[in-house]
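Observations on the three-dimensional arrangement
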Amino acid sequence: MNDPQIPPPGEDLPAAPTPCSRPSRAQRLLAWPITGFARLLTGARSLWRGCAPEPKQRIYFANHCSHADFVLLWSSLPPALRARTRPVAGADYWQRDALRRFLIHRVFHGVLIDRELHDRHSNPLQPLLDALAGGDSLILFPEGTRNPGEGLLPFKSGLYRLARTCPQVELMPVWIANLNRVMPKGRVLPLPLLCTVTFGAPLSLGPGEGKEAFLARARETLLNLAMEAD
Amino acid sequence: MQANTLALFAGIGALLALASLIGFVLKWRCRGADNPVIDNLNARINAWWVMVAVLGGAFWLGHGAVILLFCAVSFFALREFITLTPTRGSDYPALVAAFYFVLPAQYLLITYDWYGLFSIFIPVYVFLLLPILAAFGGDTTAFLERAAKVQWGTMIAVFCISHVPALLNLDIPDYAGRNLLLIAWLVLVVQLSDVLQYVCGKLLGKRRIAPRLSPSKTVEGFAGGIALASLTGAALYWITPFDVWQAALIALIVTLLGFFGGLVMSAIKRDRGVKDWGHMIEGHGGMLDRLDSVCFAAPVFFHLLRWGWA
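Residues numbered from 1 in each chain as written. Chains lettered and ligands numbered in written order. Predicted model: local features only at pLDDT ≥ 70, side-chain atom pairs only at ≥ 80, totals over all residues. Heavy atoms only, no water.

**Section: the overall build of chain B**
The test is simple: Under the scheme used here, helices are H or I runs from DSSP no shorter than 4 residues and strands are E runs no shorter than 2 residues, and both carry numbers assigned from the N terminus. Radius of gyration: C-alpha atoms only; globule rule: 2.2 Å multiplied by the number of residues to the exponent 0.38. Accessibility here uses a 1.4 Å probe with only protein chains present; expressed as a share of the type maximum, an area under 20% marks a residue as buried, one over 50% as exposed, and anything in between as partly exposed. We get accessible surface area from the Shrake-Rupley algorithm with a probe of 1.4 Å; when it comes to residues, only the shown protein chains can shield them.
Each helix and strand counted, chain B has 10 helices and 0 strands in total. Helices (α) and strands (β) of chain B occur, in sequence order from the N terminus, as α-α-α-α-α-α-α-α-α-α. Taking 2.2 N^0.38 as the reference for a compact globule, 310 residues should give roughly 19 Å; the C-alpha atoms of chain B span a radius of gyration of 20 Å, in line with that estimate. When its C-alpha atoms are laid out on the principal axes, chain B stretches across 60 × 50 × 30 Å. Out of the 310 residues in chain B, the part that is buried amounts to 51%. Summing over all exposed atoms, chain B offers an accessible surface of approximately 14,400 Å²; the carbon and sulfur share of this is 69%.

Have a look at this one:
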């Protein structure tokens, strides 16, 4: 389906520490029932509207209404892309117990971000920059938290800072429709309802574009994608 | 599998082969030019091959597989129905019950041939249960409308469709061991009626029957499709417990019901502003797009047989 060759990361990236190891065969075997279940339950349909599923380095940014968001987005990618795409998740939630630690590190190969900023001197985005420097793609939820309502919350600044630091990485808006009905907040059993994952056209930081303007534009792009997808 | 069943599936195979050939010739005559109607026709024919193969496989495996297949069909249909008709947060318990309790329970009742409960479980007990569960959420916004949606979804997708495998439980004198052929006859006549309405409509269609509900349904398509499918149903009387005239009359009844089923279901789609229920079957749309006519025909066919022949 897709060329599994992934181009090396851009030359102008900050010097990277050791790139993260690829998920092993056993890890991929563990992920398979989870992605398979997500696809079966939601009949997941991926619509590539503004781009094709190409092996480029990308940051997929999407609306966040359920814990299953990144699982569904991740499942919607062709396997070759999925192997190099890592979800960005909150450390406070995923470090809480052994099962979650196992899932996020071993199965989903996630990049954890410290939302509570324990160390004031470190850059909270550093793990993301490291992953990008290693050639990986990321799944990011710029709202920062799950949104129980309609539409989108204001975006956090991380997306802008990544766009500025890594201009060679494509920023892909992705709208996940209906998943909030599948797994409403606070419920355990998912409902089988059809979901659609719509990929829009890549976005890039304009010359001299400020933080507020860029974040507003990115949010607007995602909202437009939602209207189109509906 | 019975000789009759094999003959029937061989006939359907020959018909599909002919359809594929026609599709291929039409495509070839376009010489690479894009023609959405012909592409859609070919997608539909290919999907028919898959659907016939799945049904044939279930027949070959036996009654259990047929019940399981229609249980899955109901699941996909209910999922499409509930996806398209928005519900609110407090409908969650009712929806959990519909998917994880009502659907399996209805098919278990068929498996154990408990007709007394099977026929009233959803229309009576689930009808009462679902709004009770929804009421616990304490949300009164559009309550009646929401209760009706969940109830109607279970009626169409679970109750009506479950009457197809329920045909296996009918005890018809001099027809023992051949009940699978009742399913084959019903599905074939109703689906053939849909196909012939489509073909007649594309070839001869001029006057639209209900332009606001379904722009593709025409008087010519309706008359031609219903007449030809009823004739086919009559010609296949030898696989049923009916004589020729009974077969023709019952075929007419189920094809008419199938037509009205399609009309009702497209009214729901128009109201929701969509063309198809889903995207499951290439060229056809979703499961409900293919089965809307069977939903309406199956319960009536079941009861006609139960009263007149069992």
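Here the narrative resumes, following the displayed structure.
**Considering the packing of helix α8 (residues 219-235) of chain B against helix α9 (residues 244-272) of chain B**
Residue and element names in this part refer to chain B. Rules: Comment: axis = line fitted to C-alpha atoms, over the contacting stretch for helices; angle = value between 0 and 180 degrees taken between N-to-C directions. Definitions for this section: a left-handed crossing has its near helix turned counterclockwise from the far helix by less than a right angle. A right-handed crossing has that turn clockwise. Contact criterion: two residues are considered in contact whenever any of their non-hydrogen atoms come within 4.5 Å of each other. Gly counts as polar in this scheme, as do all residues outside two lists: the nonpolar Ala, Val, Leu, Ile, Met, Phe, Trp, Tyr, Cys and Pro, and the charged Asp, Glu, Lys and Arg.
Contact pair α8 / α9: the axes reach a minimum separation of 8 Å and the direction vectors enclose 145°. Of the two elements, α8 crosses α9, and the hand of that crossing is right-handed. Between α8, through Phe 222, Ile 226, Ala 229, Ser 230, Gly 233 and Ala 234, and α9, the contact on the second element is made entirely by Val 244, Ala 247, Ala 248, Ala 251, Leu 252, Thr 255, Leu 256 and Phe 259. Counted by class, the contact of α8 with α9 contains 11 nonpolar, 3 polar and no charged residues.

**Some words on the side chain of B:Thr255**
Residues and elements named next belong to chain B. Heads up, the rule is: Pairs of N or O atoms are called polar contacts if they sit within 3.5 Å, as long as, within protein, a hydrogen donor faces a hydrogen acceptor (for residues adjacent in sequence, only side-chain-to-side-chain pairs).
Turning to its location among the elements, Thr 255 is positioned in helix α9. One polar contact links the side chain of Thr 255 to the main-chain carbonyl oxygen of Ala 251, over a distance of 2.8 Å. Of note is the side chain of Thr 255, whose polar atom sits 2.9 Å from the backbone oxygen of Leu 252. Residues in contact with Thr 255, not counting those within four places in the same chain, are Val 189, Ser 193, Ile 226, Ala 229 and Ser 230.

**Re the nonpolar core**
Here is the rule we go by: The set of buried Ala, Val, Leu, Ile, Met, Phe, Trp, Tyr and Cys residues whose side-chain atoms join them within 4.5 Å is what this entry labels a nonpolar core.
Ranked by internal contacts, the top residues of the largest apolar core, which has 120 residues, are B:Trp185 and B:Phe301. Looking at which element gives the most residues to this core, the answer is helix α4 (residues 92-111) of chain B, with 13 residues. The contacts of B:Phe301, once residues within four sequence positions are left out, are B:Leu167, B:Leu182, B:Trp185, B:Leu186, B:Phe242, B:Ile250 and B:Val254. In this structure, A:Leu128, A:Ala131, A:Leu140 and A:Leu215 belong to the second largest nonpolar core, which totals 29 residues.

**Notes on the environment of B:Ala98**
Residues and elements named next belong to chain B. Structurally, Ala 98 can be placed in helix α4. Sequence separation between Ala 98 and Thr 154 is 56 residues, and the spatial gap between their C-alpha atoms is 6.9 Å. Beyond its immediate sequence surroundings of up to four residues, Ala 98 is in contact with Leu 78, Leu 103, Leu 130 and Thr 154.

**Description of the environment of B:Val96**
With respect to the secondary-structure elements, B:Val96 resides in helix α4. In sequence terms B:Val96 and B:Leu130 are 34 residues apart; their C-alpha atoms lie 9.9 Å from each other. Excluding residues within four positions of it along the chain, B:Val96 makes contact with A:Leu189, A:Leu191 and B:Phe101.

**So, the interface of chain A and chain B**
For an interface, size is often stated in terms of accessible area lost upon the parts coming together. What counts, and what does not: Buried area, as used here, totals the accessible surface that two parts lose on assembly, with accessibility defined by a 1.4 Å probe and the loss added over both. Throughout this description, the term salt bridge denotes a Lys or Arg side-chain nitrogen within 4 Å of a carboxyl oxygen of Asp or Glu.
Chain A puts 16 residues into the contact, and the matching count from chain B is 17 residues. Summed over both sides, the interface between chain A and chain B buries roughly 1,300 Å², with carbon and sulfur atoms accounting for 62% of that surface. The tally of links from chain A across to chain B stands at 0 salt bridges. For the pair chain A and chain B, the number of links is 9 residue pairs in polar contact (both at pLDDT 80 or more). Ranked by residues supplied to the side of chain A that touches chain B, first place goes to helix α1 (residues 25-42) of chain A with 3 residues.

**Brief notes about the packing of α4(B) against helix α6 (residues 143-166) of chain B**
Residue and element names in this part refer to chain B. Inclusion rule: By the definition adopted for this analysis, an angle is roughly parallel if under 35 degrees, roughly antiparallel if over 145, roughly perpendicular if from 65 to 115, and oblique otherwise.
In contact at an axis separation of 10 Å, α4 and α6 are set at 20° when each is read in the N-to-C sense. Between α4 and α6, the crossing angle belongs to the class labelled roughly parallel. The interaxial crossing formed by α4 with α6 has right-handed handedness. Across from Leu 95, Ala 98, Val 102, Leu 103, Gln 106, Tyr 107 and Ile 110 in α4, the residues of α6 making contact are Val 150, Thr 154, Val 158, Phe 159, Ile 161, Ser 162, Pro 165 and Ala 166. Taken together, the residues that form the contact of α4 with α6 break down as 12 nonpolar, 3 polar and no charged.

**As for the state of the cysteines**
Counted only if it meets this: The term disulfide is used for any two cysteine sulfur atoms that are within 2.5 Å.
Taken as a whole and judged by the stated rule, the model has 0 disulfides over all chains. There is no disulfide at A:Cys65, and the cysteine sulfur nearest it, in A:Cys195, is 8.6 Å away.

**Description of the side chain of B:Asn42**
Considering the arrangement of structural elements, one finds B:Asn42 in helix α2 (residues 36-61). Not counting chain neighbours up to four residues away, the residues in contact with B:Asn42 comprise B:Gly23, B:Phe24 and B:Lys27.

**Here's the deal with the sheet that holds strand β6 (residues 170-177) of chain A**
Residues and elements named next belong to chain A. Rule in force here: Pairing between two strands is assigned when DSSP locates at least 2 bridges connecting them.
Taken in spatial order, the 7 strands line up as β1-β7-β6-β2-β5-β3-β4 in an open sheet, and their pairing is mixed. Only two strands of the sheet have a single neighbouring strand rather than two, namely β1 (45-48) and β4 (111-113). Each adjacent strand pair in this sheet contributes to an overall mean axis angle of 25°, direction not counted.

**Details of the confidence of the model for chain A**
All names here are of chain A. Operational definition: For every residue, the predictor assigns a confidence score, pLDDT, that lies between 0 and 100.
For chain A, per-residue confidence averages 82 on the pLDDT scale, and residues scoring 70 or more make up 87% of the total. By mean pLDDT, the top-scoring element of chain A is strand β2 (residues 58-62) (93), and the lowest-scoring one is α1 (84). Below pLDDT 50 for its whole length, residues 1-20 participates in 29 contacts with residues either more than four positions away or in separate chains.

**Overview of the pairing of β6(A)**
All names here are of chain A. Taking burial as the measure, the 8 residues of β6 include 7 buried ones, the bulk of the element. As paired elements, β2 and β6 share 5 bridges and run parallel to each other. Bridge pairing in β6 links Ala 62 to Val 174. With 4 bridges connecting them, β6 and strand β7 (residues 196-199) associate as antiparallel partners. Within β7, the residue paired with Ile 176 across the bridge is Val 197.

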